[in-house]
Structure formats: C-alpha cells, structure tokens
Amino acid sequence: MAQGASEQAEVATKGVEPGSTQGAEAGSADPAVLDAGASLFKNNCAVCHSAGSDVIVGPGLQGIEKKRKEAWLISWIKNSQALISAGDPEAVAIYEEYNKQAMPSFAFSDDEVKSILAYIGSQANVAAAVPTTVAGVDGATPGENVGTDAIGAVGGYLDIILVVLIVVLIVLVITLLLISSLLKNYLNKNRQLDEIDNEVVNQRFDFSKIYKSKAVRTLVVLIFVVVLLDLTLDKVMGIGIQQGYKPQQPIAFSHKLHAGEHQIDCNYCHTTVYESKSASIPSANICMNCHSQIKKESPEIQKIYKAIERNEPIQWVRIHNLPDLSYFNHSQHTQVGGVECQTCHGPIQEMDVVYQYSPLTMGWCIDCHRETPLNTEGNKYYDNLVKMHDEASKGAFTVSSNGGTECSKCHY
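Here's what I pulled together on the structure shown here.

Quick look at the pattern of salt bridges now. With the rule as written, the count across this model stands at 5 salt bridges. Linking Lys 114 and Glu 70 is a salt bridge whose minimum nitrogen-to-oxygen distance equals 3.9 Å. Of this pair, Lys 114 sits in helix α7 (residues 110-129) while Glu 70 sits in helix α4 (residues 70-78), placing them 44 residues apart in sequence. The salt bridge involving Glu 300 is made with Lys 303; its shortest N-O contact spans 3.2 Å. Taken together, the residues span about one helical turn, with Glu 300 and Lys 303 both in helix α15 (residues 299-309) at a distance of 3 residues. For Glu 300, a relative accessible area of 25% puts it in the partly exposed group. Lys 303 sits in the partly exposed class, given a relative accessible area of 36%.

What follows is the structure in structure tokens.
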C-alpha cells in the first residue's frame with residue numbers, strides 16, 4: 001500500500017481529492033508540504049484513520065503531533081511491528097487497545113512522515129472554520145448543489161414559474177369574462193339602449209367564422225408542424241443520452257460517506273484511474289481492507305462476504321458508458337491532462353447514490369477540448385507547436401489547437 005516519494009509527488013498533482021479542504025488557517029507550514037502530506041495521508045492512511053477524532057479501524061489522529069514525540073511517530077509509521085516487538089510501552093498499549101490489528105509498514109522518508117503530521121495538524125483549524133452541514137444535508141458545502149439537485153434544478157423552477165403564469169392567465173381571462181357579463185346585464189336592465197348600441201352589446205359571437213378562416217387554419221397547421229418537429233428532434237437528439245441515470249446497485253454504497261466524510265481518495269478504490277484506459281471497478285478484496293474490521297454485521301457488508309465466499313464478483317451496474325464507436329482514455333485525461341474527477345462525474349463526494357452528472361455527448365466533449373488550455377510549461381515537445389500557434393493565432397493553446405477535435409482522435 002506504500003508508495004514512493006516520487007509517485008506521491010505525482011499523485012498530489014493529479015485529478016482532485018474528494019473531501020480535500022485546504023483552509024487559510026492551516027498554520028505556518030509550507031503549502032507544498034501540506035499538499036504532499038494530504039496526498040500521502042489520503043492514499044495511505046485515510047482508509048484506517050481520520051484526521052479528526054473519529055475512530056475508523058485505528059484511532060482518530062487529531063492532535064497526534066502533540067500527544068506523541070515526532071521521533072516516535074516516525075518510527076511507528078515506518079515500522080510499527082518493530083516497536084511492538086521491542087516492547088515499547090506506548091506501541092504495545094495501542095496494539096492491545098485496537099484488538100491487535102497490525103498496522104502495515106510504510107517506506108516513507110522522515111520528511112514525508114513530517115508532511116503527513118503537518119497535514120493532520122492543519123485539519124484542526126480547517127474543521128473548526130468550515131461548517132459540515134447545509135440545510136440538514138451532512139457534509140455538504142455552503143453554496144453548492146447537493147446530490148440530484150445539481151441537475152435539473154433550474155428546469156424545475158422554470159416549470160413552476162410557467163405553471164403559475166398559466167394559472168394567473170386563466171384567472172385573468174375568467175375575471176374579464178365575469179366583468180363583461182356583469183356589464184352586459186347591467187346595461188340591459190338599467191339603460192335604455194338605442195338600436196345600434198343594443199346590437200353592439202348583445203351581439204353573438206359566431207365561432208364558425210374562426211375555424212372556417214384560412215388564416216386560422218394555416219396558423220393551427222403551422223403550430224402543429226412546429227411542435228411535432230420539435231418533439232421529434234428532441235427525441236432523436238436525446239438517443240443515447242442518459243444524463244441523470246441513477247440505477248439501483250446490488251450494494252448500497254455511498255460515495256458521500258467514503259469519498260466525502262472519510263476522505264478516501266478515488267485512487268484507493270479505482271486503482272487504475274491514473275494508469276489505464278479505464279478506471280477499474282474495485283474488487284471485493286479492496287472493500288475487505290476496511291470491512292474485515294468495520295461494520296461486519298451490516299446487511300450490506302454481509303453481501304460482500306457472500307460474494308467472496310461464492311468466489312463471485314459483485315454485480316455493479318455500470319452508469320457511465322460511452323458508445324463503442326468512441327475511444328476514450330481515462331489516464332490521458334486524469335494524469336496527462338490533470339482533469340479533476342468532478343469535471344465529468346460531478347460532485348461525486350456528495351452522492352449517496354451515484355448518477356450520471358454530465359451528458360457525455362460528442363458536443364460536450366468537443367466544447368471541453370476547445371476551451372481547455374494545455375499545460376505546456378517545461379515540456380519541450382510542445383515548444384515548436386506553441387511557437388507556430390502563437391504566430392498564427394492570439395488565442396490560448398488548447399486541446400483543440402493540438403488536434404483534439406480531429407475525428408481520428410476519438411473515432412478510428
């Protein structure tokens with residue numbers, strides 16, 4: 001589970017880390033040190049420990065840098081079993097308290113361990129400064145949409161406004177008809193009308209003249225054709241688009257709990273997210289890294305045990321699915337492009353049940369390629385390309401500028 005320093009430095013720059021909170025009151029530590037510590041903690045420690053006071057598998061680490069000496073912590077994190085075997089009183093006490101659950105050894109340097117401790121220390125200020133609930137939704141961030149409200153919220157409000165306007169219009173029409181009827185009755189009973197006025201007041205409206213009119217018939221046919229074309233185009237354009245798709249999964253897994261509240265990095269479960277064409281679906285063994293100790297009696301966790309006993313994979317229902325005619329490489333976007341998980345998957349750390357946040361259409365992808373600038377600094381491969389681009393255009397050097405909208409990039 002341990003990773004080298006160079007690999008961790010790369011991970012710190014990749015994608016996004018759900019639940020990450022870098023507050024302004026993070027102490028006097030170097031931001032680069034805090035970032036490196038955050039990456040190390042979330043990729044290696046967050047599975048068993050929280051940066052707060054919550055007990056997961058092991059104890060919460062809030063204030064640990066004050067409770068233990070730095071030298072002892074470095075030795076403990078690097079090789080806890082060596083301290084236990086040597087009979088260190090503190091090490092043995094922790095080992096006994098947490099059911100003799102052995103902590104793995106980590107091949108970290110002293111500086112890497114210190115960066116983890118700095119990050120843990122910084123979280124005390126951040127936790128105190130940032131509220132954890134919004135309108136009764138645990139873990140949500142103020143000012144952000146939560147769950148399925150992130151999609152279609154504006155459309156819902158527009159529907160309500162249209163319904164209200166229609167109701168108001170109907171009320172106005174009925175009111176005008178009542179006023180007209182009252183005035184007509186009043187004039188007939190209380191006024192002596194001459195022949196011309198009487199004809200005007202009591203004239204009968206001939207509805208047959210409306211539907212017999214060529215202009216009205218033409219207008220009705222035109223409206224019908226336009227509505228029919230609009231509905232047809234909507235259906236045709238919507239084929240294959242499953243935005244908002246939220247199937248029921250065989251196990252009630254909550255990304256909000258794991259990626260949001262417990263801050264488990266995406267890379268821990270989806271192990272190939274930065275290395276492969278596709279992000280892997282975690283096996284039951286990855287789940288058991290935690291759930292061999294946590295909530296073992298939960299009915300949902302028991303489903304994982306049964307899958308392992310039967311030597312069968314968990315039948316997760318796929319949500320994000322591109323057509324076979326399209327080529328998409330996950331690592332090209334997350335590792336090379338540095339695209340954040342939320343860019344395509346939405347606020348995944350807030351979803352109890354995952355749904356398709358983005359439309360994933362060709363137009364949506366092309367728009368992103370046209371708008372996203374390439375990071376070419378320090379990469380000599382792009383020097384001549386950037387120079388040629390700057391001579392021909394004043395705009396930013398985007399993915400599209402590098403051929404990112406050519407058909408053969410995605411279809412070949």
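Right, let's get into the nonpolar core. If you look at the biggest cluster of nonpolar residues, it comprises 27 residues, and the most contacted ones within it are Phe 41, Trp 72, Trp 76, Phe 108, Ile 116 and Ile 120. Those elements that place two or more of their residues in this core are α2 (31-45), α4, α5 (80-85), α6 (89-97) and α7. Residues within four places of Phe 41 in sequence aside, it is in contact with Ala 46, His 49, Ser 50, Ala 51, Leu 61, Ile 116, Tyr 119 and Ile 120.

Together, Leu 219, Leu 222, Ile 223, Val 226, Val 227 and Leu 231 line one region of the surface with nonpolar side chains, adding up to about 550 Å² of accessible area. In this fold, Val 226 is placed in helix α11 (residues 214-237). Classification of Val 226 by relative accessible area gives partly exposed; the value is 47%.

To continue, consider the packing of aromatic side chains. Enumeration over the complete set of coordinates arrives at 5 aromatic pairs. Relative to Tyr 119, the ring of Phe 41 has its centre 5.5 Å away and its plane inclined at 45°; by these criteria the two rings are tilted. Remark: Tyr 119 occurs in helix α7 and Phe 41 occurs in helix α2; sequence separation between them is 78 residues. Note on Phe 41: relative accessible area 2%, which makes it buried.

Rules of the game
Residues numbered from 1 in each chain as written. Predicted model: local features only at pLDDT ≥ 70, side-chain atom pairs only at ≥ 80, totals over all residues. Heavy atoms only, no water. Salt bridge = Lys/Arg side-chain N within 4 Å of Asp/Glu carboxyl O. Helix = DSSP H or I, 4+ residues; strand = E, 2+ residues; numbered from the N terminus. Buried < 20%, exposed > 50% of the residue type's maximum accessible area, 1.4 Å probe, protein only. Core = buried A, V, L, I, M, F, W, Y, C linked by side-chain atoms within 4.5 Å. Contact = heavy atoms within 4.5 Å. Patch = residues over 30% accessible without salt bridge, like charges linked within 9 Å, V, L, I, M, F, W, Y side chains within 5 Å. Areas by Shrake-Rupley, 256 points an atom, 1.4 Å probe, with all protein chains shown as cover. Phe/Tyr/Trp six-rings, centres within 6.5 Å; stacked < 30°, edge-to-face > 60°.

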